[in-house]
Amino acid sequence: MDQLSSHWMEYIIAVSPLLLGWILDRILGDPSWLLHPVVGYGKIISFFEHRLNIGEGRKVKGAVMAIFLVLFVFMIVWFVLLLLSPFPLVKIFVETVGVFYCLAGTTLSQEVKMVFKACGEGLAVARKQIARIVGRDTGSLDEQEIKTAALETLAENLSDGVIAPMFWYLLLGLPGMMAYKMVNTLDSMIGYKNERYKDFGCFAAKMDDVANYIPARLTSFLMILSAGRMSLFRFVKKYGRCHASPNSGWPEAALAGILDCRFGGTHDYFGEAVYKPYIGSNPKLLTDSDLHISLSVCLRAELLMLLLCLLLRGYILL
């Protein structure tokens, strides 16, 4: 009986940071007044990029920088948790805060809601709002393109901002989760194919592709499951590959199938037109109803992933 109680205590200690961190994210989101580690990641990346992304051998220098930063984050977090092992309550607190920092589901949902709300206040306001969450040029987007961009971002970042961090937490704990956020930040800052980053950032972009390969496909599965639309697997298989990214198309295809809409098309990035194949075939006008369905599907997918992680952690420990 004592052994069983001990196992359950181990399980509670093991899963509580993920559960509590997810709850904190749902309650607080990403308050603007709270210093975020990703901001620190960005400053470190910028520091090295300005000093290394010059001269010859940029591919090698970019690869070395990316590997070093990811391993550095992993080892620092691992070492801190090791030091806190004699203090389980403090360790749980630190891990909970770390998980909270790594999840972005609530902030993403709030930003997308604000985009749809801004569409009712005029194109200028809506374009300014959508620019907060997309990398494309927004100055010439119409209302339909703005709403499409918002929902594409919602689907893509459900994977990057929630499912993938949970996946790496399940595999490697908080060190893996924090290291994944460094991978993701590297890609978002230097993983572009423009003149400045095409060599220096190519390894970071490939690393992000590898880190998100399973999570992106898992995200599409969870979205379909949460919508109760198993018939969409064929749709997702067809359109999931219709994206410049090997991963982003999968969650986008799942949401396009659920909404029976069309994502993709030509967009401007840094003043250059970039063609993206269409995902889906129905060019319908997106409405607030589509927003509510999308947010509901994403939340249920989060809950399914959380439950999966808690059950698998329990299976491993018990």
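You'll find the structure just up there.
So, here is what we can say about the structure in this document. A quick note: this is a predicted structure, and the numbers were derived from the prediction, not measured.

Side note on the overall build of the protein
1) Next: Per the secondary structure count, the protein includes eleven helices and two strands.
2) Next: The helix and strand sequence of the protein, counted from the amino end, reads α-α-α-α-α-α-α-α-α-α-β-β-α.
3) Next: A compact globule built from 318 residues should have a C-alpha radius of gyration of about 20 Å, and the protein, at 20 Å, falls within 12% of that.
4) Next: A total of 318 residues make up the protein; the buried ones form 48% of that total.

Describing the pattern of salt bridges
1) Next: Counted under the stated rule, the structure contains six salt bridges.
2) Next: R132 is the salt-bridge partner of E111, the closest N and O atoms lying 2.5 Å from each other. A residue pair is termed long-range when its members are at least 10 positions apart, and E111 in helix 5 (residues 105-119) and R132 in the loop between helix 6 (123-130) and helix 7 (143-190) qualify at 21 residues.
3) Next: Since its relative accessible area comes to 12%, E111 is described here as buried.
4) Next: A salt bridge links E195 to K198; the nearest nitrogen and oxygen atoms lie 3.7 Å apart.
5) Next: Given the relative accessible area of 41%, K198 is considered partly exposed.

Quick look at the side chain of S220
1) Next: Note on placement: S220 falls in helix 8 (residues 202-227).
2) Next: The contact partners of S220, leaving out residues within four places of it in the chain, are V236, W250, P251 and A254.

Things to note about the nonpolar core
1) Next: Core analysis: the biggest nonpolar cluster contains 82 residues, and L18, V112, I130, L151, M166, L186 and M223 have the highest contact counts within it.
2) Next: No other element matches the 23 residues that helix 7 contributes to this core.
3) Next: Sequence-distant contacts of I130, that is, excluding residues within four places in its chain, are made with V115, T138, L141, I146, A149 and A150.

Quick look at the packing of aromatic side chains
1) Next: Enumeration over the complete set of coordinates arrives at eight aromatic pairs.
2) Next: With a centroid separation of 5.3 Å and 85° between ring planes, the pair formed by F47 and F48 is classed as edge-to-face.
3) Next: On the basis of relative accessible area, F47 is assigned to the partly exposed category, the value being 42%.
4) Next: When its relative accessible area of 27% is taken as the criterion, F48 is described as partly exposed.
5) Next: Judged by centre distance (6.4 Å) and plane angle (70°), the ring pair of F48 and F68 falls under edge-to-face. With a gap of 20 residues between them, F48 in helix 2 (residues 37-52) and F68 in helix 3 (residues 58-83) connect regions that are remote in the sequence.
6) Next: Here F68 falls in the partly exposed class, since its relative accessible area comes to 45%.

Thoughts on helix 8
1) Next: In this model helix 8 runs 36 Å from its N-terminal to its C-terminal C-alpha over 26 residues, within 8% of the 38 Å that 1.5 Å per residue would give.
2) Next: Most pronounced at N212, the bend in helix 8 amounts to some 45°, and the proline P215 follows within four residues.
3) Next: Looking one or two residues past helix 8, G228 carries a phi angle of roughly 65°, positive in sign.

Looking at the environment of Y239
1) Next: Along the polypeptide, Y239 turns up in helix 9 (residues 233-239).
2) Next: The exposure class of Y239 is buried, given its relative accessible area of 11%.
3) Next: Along the primary structure Y239 and S281 are separated by 42 residues, whereas in three dimensions their C-alpha atoms are 9.9 Å apart.
4) Next: With near-sequence residues (within four places) excluded, Y239 lies in contact with G249, A253, Y278, I279, G280 and S281.

Describing helix 5
The α-helix advances 3.6 residues per turn, and as a result positions three or four apart in sequence lie on the same side.
1) Next: With 15 residues, helix 5 ought to run about 21 Å at 1.5 Å a step, and its terminal C-alpha atoms sit 22 Å apart, in line with that.
2) Next: Most of helix 5 sits out of view: eleven of its 15 residues are buried.
3) Next: Looking only at helix 5, the buried set comprises G105, T106, T107, L108, S109, E111, V112, V115, F116, A118 and C119.

Considerations on the packing of helix 6 against helix 7
1) Next: Between helix 6 and helix 7, the shortest axis-to-axis distance is 10 Å and the interhelical angle comes to 25°. It follows that helix 6 is roughly parallel to helix 7 by the angle criterion. Where helix 6 crosses over helix 7, the handedness of that crossing is left-handed. Residues L123, A126, R127 and I130 of helix 6 lie in contact with helix 7, whose contacting residues are E143, I146, A149 and A150.
2) Next: Looking at side-chain class alone, the contact of helix 6 with helix 7 contains six nonpolar, no polar and two charged residues.

What counts, and where the lines are drawn
- Residues numbered from 1 in each chain as written.
- Predicted model: local features only at pLDDT ≥ 70, side-chain atom pairs only at ≥ 80, totals over all residues.
- Heavy atoms only, no water.
- Helix = DSSP H or I, 4+ residues; strand = E, 2+ residues; numbered from the N terminus.
- Rg over C-alpha atoms; globule rule 2.2 N^0.38 Å.
- Buried < 20%, exposed > 50% of the residue type's maximum accessible area, 1.4 Å probe, protein only.
- Salt bridge = Lys/Arg side-chain N within 4 Å of Asp/Glu carboxyl O.
- Contact = heavy atoms within 4.5 Å.
- Core = buried A, V, L, I, M, F, W, Y, C linked by side-chain atoms within 4.5 Å.
- Phe/Tyr/Trp six-rings, centres within 6.5 Å; stacked < 30°, edge-to-face > 60°.
- Expected span 1.5 Å × (residues − 1).
- Bend = angle between axes of the 7 residues up to and from the residue.
- Axes fitted to C-alpha atoms, helices over the stretch in contact; angles between N-to-C directions.
- Parallel < 35°, antiparallel > 145°, perpendicular 65-115°, else oblique.
- Left-handed = near helix turned anticlockwise from the far one by under 90°.
- Nonpolar A, V, L, I, M, F, W, Y, C, P; charged D, E, K, R; others polar.

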